Amino acid sequence: MIGSAVPRKEDAALLTGRGTFVDDIQRPGLLHMVYVQSTEAHALITGIDTSAATTLPGVVGVWTAEDFAELPARPSVPGLERHYLAGDKVHYVGEPVAVVVAADRYAAADAARAVEVTYEPLPVMATLEAALAPDAVPIFAPLPGNVALEQPVTPDGVAAELDAAPRRLRARLVNQRVAGAPLEPYGVLADWVGNGVTVWATVQAPHRVRAEIAQVFGLARHLVRVVAPDVGGAFGVKSSFMPELFLAPELSRRLGRPVKFVEARREHMTHTYHGRDQVQEVEVGFDENGVILALDVTITVNIGGVPDPVGIGLPTLTSYMLGGCYRIPKIAARYRSVLTNTTPTASYRGAGRPEASFLIERVVDLVALELGKDPAEVRKVNLIGPEQMPYQTPFEGIVYDEADYPAALELLLGELDYDALRAEQERRRADPGARLLGVGLSTFVEMAGFGPTPLFEQFGYLGGWESANLRLQPDGSVIVLVGTAPHGQGHQTAMAQIVADELGVPFEAVSVLYGDTAVVQEGIGTMGSRGMPVAGNAVRQAAVEVADQARRIAAHLLEADPDDLVRVGDGFQVKGVPDAAVPLAAVVERSFKPHLLPEGTRLGLESTAYYEPKNLSYPSGAHGCVVEVERDTGRVHVVRYVCVDDCGTVINPMTARGQVHGGVAQGIAQALYEKVSFDAEGRPLAASLEEYMLPGMLDLPRYETHHIETRSSFNPLGVKGIGEAGATAAPQAVVNAVVDALAHLGVRDVEMPCTPERVWKAMHHAS
Amino acid sequence: MIPAGFSYVRAGSVEQALAELARHGVDVRLLAGGHSLLPAMKLRRVEPGVLVDIGRLRELAYVRLDGDRVVVGPLTTHRTLERDPLVAEHVPLLAAAARRIGDPQVRNRGTIGGSLAHADPAADLAAAVLALDGVLVARGPSGVRDIPAAEFFTGVRTSALAADELLVEIRLRAATGLGYAFEKFSRRALDWAVVGVAAQARPEGRTAVALIGMGPTPLRAGAVEEALAAGVPAAEASALAARGCAPADNAVASAAYRAHLAEVLVGRALAAL
Ligand SMILES: Cc1cc2nc3c(=O)[nH]c(=O)nc-3n(C[C@H](O)[C@H](O)[C@H](O)COP(=O)(O)OP(=O)(O)OC[C@H]3O[C@@H](n4cnc5c(N)ncnc54)[C@H](O)[C@@H]3O)c2cc1C
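The rules behind these values
- Residues numbered from 1 in each chain as written.
- Chains lettered and ligands numbered in written order.
- Predicted model: local features only at pLDDT ≥ 70, side-chain atom pairs only at ≥ 80, totals over all residues.
- Heavy atoms only, no water.
- Salt bridge = Lys/Arg side-chain N within 4 Å of Asp/Glu carboxyl O.
- Helix = DSSP H or I, 4+ residues; strand = E, 2+ residues; numbered from the N terminus.
- Buried < 20%, exposed > 50% of the residue type's maximum accessible area, 1.4 Å probe, protein only.
- UniProt positions renumbered as here; feature names shortened; annotations may be inferred.
- Near = heavy atom within 4 Å.
- Polar contact = N/O pair within 3.5 Å; in protein donor to acceptor, adjacent residues only side chain to side chain.
- Areas by Shrake-Rupley, 256 points an atom, 1.4 Å probe, with all protein chains shown as cover.
- Nonpolar A, V, L, I, M, F, W, Y, C, P; charged D, E, K, R; others polar.
- Domains from an automatic or database assignment.
- Contact = heavy atoms within 4.5 Å.
- Buried area = accessible area lost by both parts, 1.4 Å probe.
- Patch = residues over 30% accessible without salt bridge, like charges linked within 9 Å, V, L, I, M, F, W, Y side chains within 5 Å.
- Pairing = 2+ DSSP bridges.
- Axes fitted to C-alpha atoms, helices over the stretch in contact; angles between N-to-C directions.
- Phe/Tyr/Trp six-rings, centres within 6.5 Å; stacked < 30°, edge-to-face > 60°.
- Lys NZ or Arg CZ within 6 Å of the ring centre and 35° of its normal.
- Left-handed = near helix turned anticlockwise from the far one by under 90°.
- Expected span 1.5 Å × (residues − 1).
- 1 Å grid on protein atoms, 1.4 Å probe; cavity = no way out; pocket = protein on both sides within 12 Å on 5 of 7 lines; lining within 4 Å.
- Points joined across faces, edges and corners; volume = space filled by probe spheres on them.
- Core = buried A, V, L, I, M, F, W, Y, C linked by side-chain atoms within 4.5 Å.
- Parallel < 35°, antiparallel > 145°, perpendicular 65-115°, else oblique.

As named in an unreviewed UniProt entry, chain B is Carbon-monoxide dehydrogenase medium subunit, taken from Nonomuraea wenchangensis.

Under an unreviewed UniProt entry, chain A has the name Carbon-monoxide dehydrogenase large subunit and belongs to Nonomuraea wenchangensis.

> Mind showing me how you'd approach the pattern of salt bridges here?
Two side chains of opposite charge can pair, provided their charged atoms sit close to one another. Scanning the entire structure with this criterion turns up 61 salt bridges over all chains. The salt bridge involving A:D296 is made with A:R334; its shortest N-O contact spans 2.8 Å. One end of the pair, A:D296, is in strand 16 (residues 292–304); the other, A:R334, is in strand 17 (residues 330–339), with 38 residues separating them in the sequence. With a relative accessible area of 27%, A:R334 lands in the partly exposed category. Among the charged side chains, a salt-bridge network with shared partners connects A:E424, A:R427, A:R428, A:R435, A:E628, A:E630, A:D632, A:R635 and B:R268.

> Mind showing me how you'd approach the UniProt feature "domain: Aldehyde oxidase/xanthine dehydrogenase a/b hammerhead" (unreviewed entry) in chain A here?
Feature annotation in UniProt places "domain: Aldehyde oxidase/xanthine dehydrogenase a/b hammerhead" (unreviewed entry) on residues 16–123 of chain A, given in this structure's numbering. Here residues 16–123 of chain A runs as 13% helix and 39% strand, with 51 Å between its end C-alpha atoms.

> Looking at this structure, how should I read the site of the ligand?
Residues and elements named next belong to chain B. Close to the ligand lie 31 residues; L30, G34, H35, L37 and T111 are nearest. Between the ligand and H35, the relevant distance is 2.7 Å, taken from an oxygen atom to a main-chain nitrogen or oxygen of the residue. H78 is positioned with one of its side-chain polar atoms (N or O) 2.9 Å from an oxygen atom of the ligand. Here the ligand has 970 Å² of accessible area as a free molecule, and 89% of this is covered by the chains. Only strand 2 (28–31), helix 7 (112–118) and strand 10 (166–173) provide two or more residues apiece to the shell around the ligand. By residue number, the principal contributor to the shell around the ligand is helix 7, which donates 5 residues. Here the residues of the shell around the ligand are counted per class, giving 14 nonpolar, 12 polar and 5 charged.

> For this particular structure, what's the right way to read the domain arrangement of chain A?
Interface size, as often reported, equals the accessible area lost upon joining of the parts. Residues and elements named next belong to chain A. Domain boundaries in chain A define domain 1 (21–122 + 181–271), domain 2 (352–447 + 617–765) and domain 3 (453–611). Computed from C-alpha coordinates alone, the two centres of domain 2 and domain 3 are separated by 39 Å. Listed as interface residues are 17 residues of domain 2 and, on the opposing side, 14 residues of domain 3. Taken together, the two surfaces of domain 2 and domain 3 that pack against each other cover about 1,100 Å², and 58% of this comes from carbon and sulfur. It is I651, P716 and L717 in domain 2 that bury the most area against domain 3; as a group they hold 41% of the surface buried on that side. Inspection of the domain 2/domain 3 interface yields 5 residue pairs in polar contact (both at pLDDT 80 or more). Grouping the constituent residues of the side of domain 2 that touches domain 3 by class yields 6 nonpolar, 7 polar and 4 charged.

> When you look at a nonpolar patch on the surface in this model, what are you seeing that I'm missing?
Among the surface-exposed residues, A:M697, A:L698 and B:L190 lie close enough to one another that they form a single nonpolar patch of about 370 Å² accessible area. Tracing the backbone shows A:L698 in the loop between helix 18 (653–672) and strand 30 (703–707). A:L698 gets classed as exposed once you look at its relative accessible area, which sits at 60%.

> Is there a simple way to explain the interface of chain B and chain A in this structure?
Across the boundary between the two partners, chain B contributes 26 residues, which contact 29 residues of chain A. Carbon and sulfur atoms make up 55% of the surface buried where chain B meets chain A, a total of about 2,300 Å² over both sides. Applying the counting rule to chain B against chain A returns 4 salt bridges. On the surface where chain B and chain A come into contact, there are 16 residue pairs in polar contact (both at pLDDT 80 or more). Where the side of chain B that touches chain A is concerned, the elements lending two or more residues are strand 11 (180–186) and helix 12 (255–272) of chain B. Among the elements that make up the side of chain B that touches chain A, the one with the highest residue count is helix 12 of chain B (5 residues). Split by residue class, the side of chain B that touches chain A holds 15 nonpolar, 4 polar and 7 charged.

> Honestly, the sheet that holds strand 12 (residues 196–201) of chain A in this entry has me stumped. Any pointers?
Residue and element names in this part refer to chain A. Pairing is mixed across the open sheet formed by 7 strands, whose spatial order is 3-7-1-14-11-12-13. The strands lining the two open edges of the sheet, one partner per strand, are strand 3 (59–64) and strand 13 (224–227). The sheet shows a mean angle of 20° between the axes of neighbouring strands, taken without regard to direction. In terms of strand pairing, strand 11 (residues 187–193) meets strand 12 through 6 bridges, oriented antiparallel. Bridging across to strand 12, D191 finds its partner in T198. The strands touched by helix 3 (residues 105–114) within the sheet are strand 1 (31–37), strand 3, strand 7 (96–102) and strand 14 (259–262), with strand 1 carrying the most contacts at an inclination of about 25°. Of the strands in this sheet, strand 1, strand 3, strand 7, strand 11, strand 12 and strand 14 touch helix 7 (residues 244–255), which is tilted by about 35° from strand 11.

> What exactly am I supposed to notice about the packing of aromatic side chains here?
Two measures describe an aromatic ring pair: the distance that separates the ring centres and the angle between the ring planes. Under the defined criterion, the tally for this structure stands at 15 aromatic pairs over all chains. Members of the aromatic cluster, joined through ring pairs, are A:Y391, A:Y400, A:Y405 and A:Y618. A:R635 extends its terminal NZ or CZ atom over the ring of B:F185, reaching a point 4.1 Å from the ring centre. Here the guanidinium or amino end of B:R64 rests over the ring plane of B:Y62, the centre of that ring lying 4.0 Å away.

> Is there a simple way to explain unusual backbone geometry in this structure?
Peptide bonds are trans in most cases, and residues, glycine excluded, mostly fall at negative phi. All names here are of chain A. Residues A141 and P142 are joined by a peptide bond in cis, for which omega reads 5°. Tracing the backbone through its elements, the reader meets P142 in the loop between helix 4 (128–132) and strand 9 (147–152). Here the amide bond leading from M752 into P753 is cis, since omega sits at -10°, within 30 degrees of zero. Here P753 lies in the loop between helix 19 (725–742) and helix 20 (756–766).

> Whenever I open this one, the packing of helix 15 (residues 491–503) of chain A against helix 16 (residues 531–558) of chain A confuses me. Can you help?
Describing two packed helices takes the angle between their axes plus the distance from one axis to the other. Residues and elements named next belong to chain A. Running from N to C, helix 15 and helix 16 point in directions that differ by 35°, and their axes come no closer than 9 Å. As for the relative orientation of helix 15 and helix 16, their crossing is right-handed in sense. Where helix 15 abuts helix 16, its residues H491, A494, M495, I498, V499, E502 and L503 lie against G531, M532, A535, G536, V539, R540, A543, V544, V546 and A547. When the residues that make up the contact of helix 15 with helix 16 are grouped by side-chain class, the tally is 12 nonpolar, 3 polar and 2 charged.

> Which parts of the structure should I look at to understand helix 10 (residues 353–371) of chain A?
What sets the pattern is the α-helix's 3.6 residues per turn: residues three or four places apart point alike. Residue and element names in this part refer to chain A. The first and last C-alpha atoms of helix 10 sit 27 Å apart over 19 residues, in line with the 27 Å expected at 1.5 Å per residue. With respect to burial, helix 10 is a largely interior element, 17 of its 19 residues being buried. After helix 10 finishes, the residue G372 shows a positive phi value of roughly 65°.

> Can you help me understand empty space enclosed by the protein in this one?
Unoccupied space between atoms shows up once a probe the size of one water molecule is rolled over them. Residue and element names in this part refer to chain A. What the rule picks out here adds up to 5 cavities of 30 Å³ or more. The calculated volume of the largest cavity comes to roughly 60 Å³. Lining the largest cavity are L472, L503, G504, V546, A547, A550, R567, G569, D570, G571, F572 and L584. Here the element with the most residues in the lining of the largest cavity is helix 16; it accounts for 3 residues. For the lining of the largest cavity, the residue count by class is 7 nonpolar, 3 polar and 2 charged.

> Whenever I open this one, the nonpolar core confuses me. Can you help?
Residue and element names in this part refer to chain A. Of all hydrophobic cores here, the largest spans 108 residues; its most connected members are Y400, Y641, L672, V738 and L742. Broken down by element, this core gets its largest block of residues, 11 residues, from helix 19. No fewer than three residues from each of domain 2 (352–447 + 617–765) and domain 3 (453–611) sit in this core. The next biggest cluster of nonpolar side chains, apart from the first, holds 56 residues, and it includes L71, L80, I139 and V209.

> Honestly, the environment of A:P432 in this entry has me stumped. Any pointers?
All names here are of chain A. By the element assignment, P432 lies in the loop between helix 13 (418–430) and strand 20 (436–445). With relative accessibility at 68%, the residue P432 sits in the exposed group. For the pair P432 and R631, spaced 199 residues apart in sequence, the C-alpha separation works out to 8.3 Å.

> Teacher, can you tell me more about the packing of helix 10 of chain A against helix 11 (residues 375–382) of chain A here?
All names here are of chain A. Running from N to C, helix 10 and helix 11 point in directions that differ by 115°, and their axes come no closer than 8 Å. Taken as axis vectors, helix 10 and helix 11 run roughly perpendicular relative to one another. For helix 10 against helix 11, the interelement crossing comes out right-handed. On helix 11, the residues that touch E361, V364, D365, V367 and A368 of helix 10 are P375, V378 and R379. Among the residues forming the contact of helix 10 with helix 11, the class breakdown is 5 nonpolar, no polar and 3 charged.

Laid out in structure tokens, this is it:
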């Protein structure tokens, strides 16, 4: 089954409207919670008048920060604890200031508007420049300034190597702020009954959420049940510890009734955390052949008004991946995490790695431009060769697994018909009536399969392993409980394929369950493209163990030695004796009959496996984008998008392709459409989907997808992960194509998103 | 995205709708397709206390030929305009504009009356109606009056309709067999226009050119029309597209870029006539 494009088990329910999302869940006596969100970007709260709101019909109550003063802070950067509601000041527009609970969402929404908050404005610093200016005032107490973290990632600089390089250039690259914008926004339903609480929530790591809720409320973990039901997309933004995860349980406890919170889209756009938002200052040293000799990078990341423990450190991951697929002997990196009066930033598909891939891929193109060389050639002289794998990067512990980067590039160039495109580009340039043509390449590698415990526990997780429990039912069918909590990836399907192969059962005979801490053994969750590399291997291991148990019982049944059995069809057979065979169902049935088994045999066929990866995995590939640019308007049309991905073993080509499509769509969106922006007063300019340019189906090209399968030696399945590859590869493929289309006009860079206006201005200013 | 509370009345006749308007004063809104009003209510840009639903008044949904005029009932949906044979024959510009509105869901629900009454500066149909020398017929407590399209739009989402008036008909000058073009530049395939142009050829070389996204209201490109009438070649005339316009300067596009787009799009439209 591994390698076949079987249809998804998930789809029957999802496509017929029978999915169960948090907002579908009803409980008796359900109450609804909404926030009063700050309308100011930076201000002291001088008063909150809840009197009008509390008298409205249906309103149960209004609570402010002081009402939750007793609760310990939610998960935070140590020393920079953040609470649930803004206390004496607000840090960004949209920050929760008070919480209203009412009998229905309409009453709650009306009451939220009736709460009168008075503010005393403070100077607003909505940009990095403003927040770092000498006269900036500190945004987040107890920090004395707006630099929340200053981190040298590498011990040494590369000044000497840069000085020694025959050529060098500098660039300033901007990776703008974008929003995850899942179809389903954040939602929580908490029902505190007796001495415990059940929380249904749109989250990516239910066990972690359980641990944090238990910690805040001083409960034993068995008394907290967290359920992630169907989750309508997450993209990392549902891995942050939003205040509602704790406020809903607390209010349910106080009120003795279930409390539900579901964001409206407008709330989502200002309340749920954003991603990216890095400014990168780069200097690169290289020789006349384009060989890169040294790279120096300073990253400034905008972490918004309140530091998030993941958001504050994401440039560490960016730094680790700065070398991309290239043999760059010397890399120096450092970063600053800066507070501004904007919504906080944290994980978003790729979380730190797309920013690195964008940087190095833009740099390679700049080097090519500077030397007048073809960008494909500059890539070829720098790519790490397959014989160098596993490859130790200049960063300790960052070792790339097996891949053939040059082969991926060659396949891409062939599929693109690269030389013909270059000829066509020349022809177009000479014809003033033709649209300009640009070709952009992105040879990328990213970091996935998060990832050994010593690394992953730094992000607050119990471990970097993943768990799977596999139980054969008496009829030979299989139930698997997996510790991840997928939200669109198709784990029911891919995990069942792995089980089918390892256990020799039909794909249809396997059900995969997840997302409920009362049912599933301790698990970690779904993020960092760890589904297949970590959870997939846990499932495999559990299946191997159960297959071994089954073999021993089959041997007993057949009165043979376990080593003499071979697997046939849906059972076992004594090697060379076709008559001496037993189907798996009979073996399972027997496993429940103690009187027919050898003394001391454990009943049932079941195993729980915890798989700890030895290392991260490194999905890679080469993506190419062909754009046309309208000369008179600057509009960019993506006319072709070609992907070559190497995610190691492909479990299901269709779901893998789906991940590539979605990731590339988000990458193209970042390159051409999306930007979360604020005015100088910190007011959001893209707080609805009318203003936030989420592209639609008609804005996106048909994707041409290809795979190279280089098995990773880092895990038994040989998989690497695919969830974030598209989003990592695509932005620079598109931007490189746009700049390439305009290069003859002297254009060196176009900032993302490359809107028609920006492109038009770039052409205009250049000529 | 939760609207404020409101009460709801379904009008059984035009007379009843007018009576409800008179009774509730400024606190009332007519509800047609709901595709501008309901989003505005959910964003709490408007909070009407009463909605008077005219959606079931089938007598307001029609397309007819009346001499050299095509008359359109206000409840005619965008989708009908796209497909109606009379529209296709006599005012195909209207169909071309309707076809570029939003997505199929929006076009199946949204109405021409609602679009014009909503008076968005970027409404596609407004450009077509202006270029077709439209006359908007309003009916109020004191009877019926004609409002030329050029006088109908008074500001950003404001019109010459009084609060107690109903838009009951749109009258367009037939342009049977004459050249026309609708050019729309939007950020996404399914999106509002950043700038749009409707151009309608008329006998004797007179060409009507209307713009959306180029100021607080949809408007006629007077300078272009005059230049064309004076025999200036289209390529030169289109350079005057932004003359006298005061386009918005905002996150969607700068005023300068909009002015540039107007020139490009007018050029494309005139070339396509
Ligand atoms: C997702 C989306 C995309 C869209 N994209 C576009 C686009 O690309 N281009 C475009 O032009 N439009 C677009 N629209 C707007 C769409 O065309 C609306 O349908 C139209 O603007 C309003 O028509 P309606 O019948 O829905 O009016 P309603 O929303 O019901 O009413 C709009 C206003 O007009 C008033 N009104 C309605 N009928 C009358 C009448 N007969 N007399 C007096 N007043 C009346 C109402 O009281 C209200 O104030 C989009 C809408 C959506 C939701």
